[in-house]
Amino acid sequence: MRASARPRIGVLADAEDLPRGVISYVSWTDVHTGVICWLYGREHPPALRALLGDALTGLAHCPQIEAFVGAPPGPLGPGGLPRARRAATHDALLQAGFTGRPQGVYLHCALPSEPTPAKLVADVFPCEFPPGHRLIIREAADPVAEAVVSAGPDRTATVYWIETRPTHRGRGLARKLLGQALALLTDQGATEATLVIDDTPSRTAESEAASRLFDSFGFTPVDHLWTYRRRHRRDPQPVA
């Protein structure tokens, strides 16, 4: 069991005590990796450097620090760092010794004001984590395709997962499943939907098919999401 987390929030204020940026980070007593969960400084390089300096000081005991990792898109944002729209933050992380890598492509689409009629091909179940719904297409009681979606309080929905068993691909199941999922989200009041697809240098037949599927439903790229990691050697402890 993981030990208690030690979350921290740093707020940068100017001479008039007005907020100019915020950073949140966390570490654990039994895990030697710190995580910078969020960093925002209005894309002002001095503010970003000051905030990162505060976090690196607080995480100095961690030989490895990660930033913008592990979170799927949701009400708090897309998970990774939008590389193009947050160029100053990206540069500040690199200057602080982090190494960045692409994590995925952030896609967005506007949902119709009225649910589009969709053939009900999947069973729908409540899902606790992430909070939302799981849609499953079965064949002879055996699950062959599945999607997990959630409608947030801000009327923005998230498609967390959609997958078809390899033996059942090429039959249009993913299209039917996504159509029913988006109709469900629209019926729940969502006006837009987001998702993240893998951003890999080598395109596979599956990734090409996924891109065509989402494009056919009106999803368009918003930005490339990046994640970051910083390693440093800890000073050797003296031997008694």
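Here goes a summary of the coordinates provided. Remember, predicted model here, so these are calculated numbers, not experimental data.

1. Focus on the pairing of strand S12 (residues 220–231)
For step 1, the next point in the chain: Bridge count for strand S4 (residues 64–67) against S12 is four bridges, and the pairing is antiparallel. Bridged to Ile-65 within S12 is Arg-230.
For step 2, the next point in the chain: As paired strands, strand S5 (residues 81–82) and S12 are joined by two bridges and run antiparallel to one another. Along S12, the bridge assignment pairs Leu-81 with Trp-226.

2. What to know about the environment of Phe-125
For step 1, the next point in the chain: Relative to the helices and strands, Phe-125 resides in strand S7 (residues 123–127).
For step 2, the next point in the chain: A residue is classified by how much of its surface remains accessible, and Phe-125, at 33% relative accessible area, is partly exposed.
For step 3, the next point in the chain: Residues Phe-125 and Leu-135, 10 residues apart in the sequence, show an inter-C-alpha distance of 6.5 Å.

3. Digging into the packing of aromatic side chains
For step 1, the next point in the chain: Going through the model one piece at a time under the given rule, you end up with four aromatic pairs.
For step 2, the next point in the chain: A ring pair is formed by Trp-38 and Phe-68, whose centres lie 6.2 Å apart and whose planes are at 65°; its orientation type is edge-to-face. With Trp-38 in strand S3 (residues 33–40) and Phe-68 in the loop between S4 and S5, the pair connects residues that are 30 residues apart, well separated along the chain.
For step 3, the next point in the chain: A residue is classified by how much of its surface remains accessible, and Trp-38, at 35% relative accessible area, is partly exposed.
For step 4, the next point in the chain: Consider the rings of Phe-68 and Tyr-228, whose centres lie 6.5 Å apart with planes at 70°: the pair is edge-to-face. A residue pair is termed long-range when its members are at least 10 positions apart, and Phe-68 in the loop between S4 and S5 and Tyr-228 in strand S12 qualify at 160 residues.

4. Comments concerning the pattern of salt bridges
For step 1, the next point in the chain: In the structure shown here, the tally under the stated rule is nine salt bridges.
For step 2, the next point in the chain: Residue Asp-14 is joined to Arg-20 by a salt bridge in which the shortest nitrogen-to-oxygen separation is 2.9 Å.
For step 3, the next point in the chain: On the accessibility criterion, Arg-20 (32% relative accessible area) is partly exposed.
For step 4, the next point in the chain: Its salt-bridge partner being Glu-146, residue Arg-134 comes within 2.3 Å of it at the nearest N-O pair. Taken together, the residues span a long stretch of sequence, with Arg-134 in strand S8 (residues 132–139) and Glu-146 in strand S9 (residues 142–151) at a distance of 12 residues.
For step 5, the next point in the chain: Since its relative accessible area comes to 23%, Glu-146 is described here as partly exposed.

5. Quick word on the environment of Pro-126
For step 1, the next point in the chain: Assignment of secondary structure puts Pro-126 in strand S7.
For step 2, the next point in the chain: Through-space distance from the C-alpha of Pro-126 to that of Ser-150 is 9.8 Å; in sequence the pair is 24 residues apart.
For step 3, the next point in the chain: Setting aside its immediate chain neighbours within four residues, Pro-126 contacts Gly-132 and His-133.

6. Comments concerning the environment of Arg-6
For step 1, the next point in the chain: Within the fold, Arg-6 resides in strand S1 (residues 5–13).
For step 2, the next point in the chain: The sequence separation of Arg-6 and Ser-27 amounts to 21 residues, and the corresponding C-alpha distance is 5.3 Å.
For step 3, the next point in the chain: Filtering out sequence-adjacent residues up to four positions away, Arg-6 remains in contact with Tyr-25, Val-26, Ser-27, Trp-28, Thr-29 and His-61.

Scoring rules and cut-offs
- Residues numbered from 1 in each chain as written.
- Predicted model: local features only at pLDDT ≥ 70, side-chain atom pairs only at ≥ 80, totals over all residues.
- Heavy atoms only, no water.
- Pairing = 2+ DSSP bridges.
- Helix = DSSP H or I, 4+ residues; strand = E, 2+ residues; numbered from the N terminus.
- Buried < 20%, exposed > 50% of the residue type's maximum accessible area, 1.4 Å probe, protein only.
- Phe/Tyr/Trp six-rings, centres within 6.5 Å; stacked < 30°, edge-to-face > 60°.
- Salt bridge = Lys/Arg side-chain N within 4 Å of Asp/Glu carboxyl O.
- Contact = heavy atoms within 4.5 Å.

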